[in-house]
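# Architecture and fold: a report
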Amino acid sequence: SAVISQKPSRDICQRGTSLTIQCQVDSQVTMMFWYRQQPGQSLTLIATANQGSEATYESGFVIDKFPISRPNLTFSTLTVSNMSPEDSSIYLCSVEDDSSYEQYFGPGTRLTVT
Amino acid sequence: AQSVTQLDSHVSVSEGTPVLLRCNYSSSYSPSLFWYVQHPNKGLQLLLKYTSAATLVKGINGFEAEFKKSETSFHLTKPSAHMSDAAEYFCVVSDRGSGGGADGLTFGKGTHLIIQP
């Protein structure tokens, strides 16, 4: 399985600011995903990021709030813009194995907005 | 559209007794089904998956799950619980690989497994 790292592992930010989360995988993958896990909740898909195309956002998530970059097959970033306390969550990236469709998750970024 | 219902938000069992975590799914296609485990302050780990091969799927740490299409269920079981099994368990469905087109995984709300000594 792929080894995935995320930076930062956690951060405390003030409302109105933005934070960019990085996701690095140790092998080339086609599909990368970003999820949000709010406190005590399950995971919700934010968007799908394919290299060479615009990210596809799920209902309730918009590009202006969560811009995503996917410059190559091993890296992606998610920015949380104009943050409010409601954005306090764990943000996770995942990658998909091209043959098995299994998804492997990074360790997550724990974001607290004050 | 795909969806997952985990029937119990919390399950408490004694160490050494069987574990049953229940999951029902809905999918318009032939879905792939997964169970993930999340230990406190740890990342998500794939326990097992079903992708239209054998209906009884064996995973890591002694867990297994049975796919029952007629009941649209994918319950997770383990014959004997261990203290280290205490964690949050997520049942997950995906239509990818069966022409469904939905890109990401759909997670259930999770079942918190408590192991009593």
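These lines cover the structure that appears in this document, whether it is placed above or below.

The rules behind these values
- Residue positions within a chain follow its written sequence, with the count starting from 1.
- In the order they appear in the text, chains get letters beginning with A and ligands get numbers beginning with 1.
- Local features in this predicted model are restricted to residues of pLDDT 70 or higher, and side-chain atom pairs are both shown and tallied only at a pLDDT of 80 or more, whereas totals for entire chains, interfaces and linings draw on every residue.
- Calculation of side-chain values draws on the structure's entire complement of heavy atoms; hydrogens and water are dropped beforehand.
- A helix here means a DSSP run of H or I that spans at least four residues, while a strand means a run of E at least two residues long, and both kinds are numbered starting from the N terminus.
- Values of the radius of gyration come from C-alpha atoms, whereas the globule rule sets the reference at 2.2 Å times the count of residues to the power 0.38.
- The cut-offs for exposure are 20% and 50% of the maximum accessible area for each residue type, with area from a 1.4 Å probe on protein chains only; residues under the lower value are buried, those over the upper are exposed, and the others partly exposed.
- For the area figures, the Shrake-Rupley method with a 1.4 Å probe applies, and any residue is considered shielded solely by the protein chains shown.
- In summary, the charge assignment counts Lys and Arg as positive and Asp and Glu as negative, without counting His or the chain termini.
- Each charge is placed at NZ for Lys, CZ for Arg, CG for Asp and CD for Glu.
- What makes two residues a contact is simply this: any of their non-hydrogen atoms within 4.5 Å.
- Defined in terms of a 1.4 Å probe, buried area is the accessible area two parts forfeit on being brought together, summed over both.
- Salt bridge, as used here, is a side-chain nitrogen of Lys or Arg placed within 4 Å of a carboxyl oxygen of Asp or Glu.
- Polar contact is defined as a pair of N or O atoms within 3.5 Å, subject to the rule that within protein one atom must be able to donate a hydrogen and the other to accept it, and that residues adjacent in sequence are counted only when both atoms are side-chain atoms.
- Nonpolar residues are Ala, Val, Leu, Ile, Met, Phe, Trp, Tyr, Cys and Pro. Charged residues are Asp, Glu, Lys and Arg, and all others, Gly as well, are polar.
- When DSSP finds two or more bridges between two strands, those strands count as paired.
- By definition, disulfides here are pairs of cysteine sulfur atoms that lie within 2.5 Å.
- The rule is short: rings of Phe, Tyr and Trp, with Trp giving its six-membered ring, pair when the centres are within 6.5 Å, and they are stacked under 30 degrees, edge-to-face over 60, tilted in between.

Before going further, it helps to examine the overall build of chain A. Within chain A one finds 0 helices and 11 strands. From first element to last, N terminus to C terminus, chain A shows the α and β order β-β-β-β-β-β-β-β-β-β-β. Rg of the C-alpha trace for chain A: 13 Å, near the compact-globule value of 13 Å for 114 residues, within the 12% margin. Across its three principal axes, chain A shows a C-alpha extent of roughly 40 × 25 × 20 Å. Taken over 114 residues, chain A has a buried fraction of 51%. With an accessible surface of roughly 5,400 Å², chain A has 46% of that area assigned to carbon and sulfur atoms. With 7 positive and 11 negative side-chain charges, chain A shows a spacing of 12 Å between the two charge centroids.

For the rest of this paragraph, the subject is the interface of chain A and chain B. With 17 residues of chain A at the contact, the number on the chain B side is 16 residues. Summing both partners gives a buried area of about 1,500 Å² for chain A against chain B, and 56% of it is carried by carbon and sulfur. One salt bridge in this structure joins Glu-102 of chain A and Lys-49 of chain B, with 2.6 Å as the shortest N-O distance. Counting across the chain A and chain B interface gives 5 residue pairs in polar contact (both at pLDDT 80 or more). Within the residue set of the side of chain A that touches chain B, elements represented by two or more residues are strand 4 (31-37), strand 5 (43-50), strand 9 (89-96) and strand 10 (103-105) of chain A. Of all the elements, strand 4 of chain A adds the most residues to the side of chain A that touches chain B, at 4 residues. Split by residue class, the side of chain A that touches chain B holds 8 nonpolar, 6 polar and 3 charged.

Residue and element names in this part refer to chain B. Counting buried positions along strand 10 (residues 87-94) yields 7 of 8 residues, so the element is predominantly enclosed. In this structure, strand 5 (residues 32-38) lies alongside strand 10, joined through 7 bridges in antiparallel fashion. Bridge pairing links Ser-32 to Ser-94 in strand 10. Bridge analysis of strand 10 against strand 12 (residues 111-116) gives 3 bridges, and the strand direction is antiparallel. For Tyr-89, the partnering residue across the bridge sits in strand 12 and is Thr-111.

So, about the state of the cysteines. Under the defined criterion, the tally for this structure stands at 2 disulfides over all chains. Sulfur-sulfur distance for the disulfide between Cys-23 of chain B and Cys-91 of chain B comes to 2.0 Å. Taking the sign of the S-S torsion, -65 degrees for the link of Cys-23 of chain B and Cys-91 of chain B, the bridge is left-handed. Taken together, the positions of Cys-23 of chain B in strand 4 (residues 23-26) and Cys-91 of chain B in strand 10 put the pair 68 residues apart, joining distant regions of the chain. Residue class for Cys-23 of chain B comes out buried when judged on its relative accessible area of 0%. Left unpaired, Cys-13 of chain A is separated from the closest cysteine sulfur, that of Cys-93 of chain A, by 17 Å.

On to unusual backbone geometry, then. A cis amide bond links Lys-7 of chain A to the next residue, Pro-8 of chain A, at an omega of -10 degrees. A positive phi angle, close to 45 degrees, is found at Asn-82 of chain A, a residue other than glycine. Checked against the element boundaries, Asn-82 of chain A lands in the loop between strand 8 (75-80) and strand 9. The phi torsion at Thr-72 of chain B lies on the positive side, around 45 degrees, for a residue other than glycine. Residue placement: Thr-72 of chain B occurs in the loop between strand 8 (64-68) and strand 9 (73-78). Classification of Thr-72 of chain B by relative accessible area gives partly exposed; the value is 32%.

This part is about the packing of aromatic side chains. The tally for this structure, following the rule as stated, stands at 14 aromatic pairs over all chains. Taken together, a centroid distance of 5.3 Å and an interplanar angle of 55 degrees make the contact between Tyr-35 of chain A and Phe-105 of chain A tilted. With Tyr-35 of chain A in strand 4 and Phe-105 of chain A in strand 10, this residue pair connects regions lying 70 residues apart in the sequence. By relative accessible area, which is 0% here, Tyr-35 of chain A ends up buried. A ring pair is formed by Phe-63 of chain B and Tyr-89 of chain B, whose centres lie 5.6 Å apart and whose planes are at 45 degrees; its orientation type is tilted. One end of the pair, Phe-63 of chain B, is in the loop between strand 7 (56-58) and strand 8; the other, Tyr-89 of chain B, is in strand 10, and 26 residues separate them in sequence. In this pair, the class of Phe-63 of chain B matches that of Tyr-89 of chain B, namely buried.

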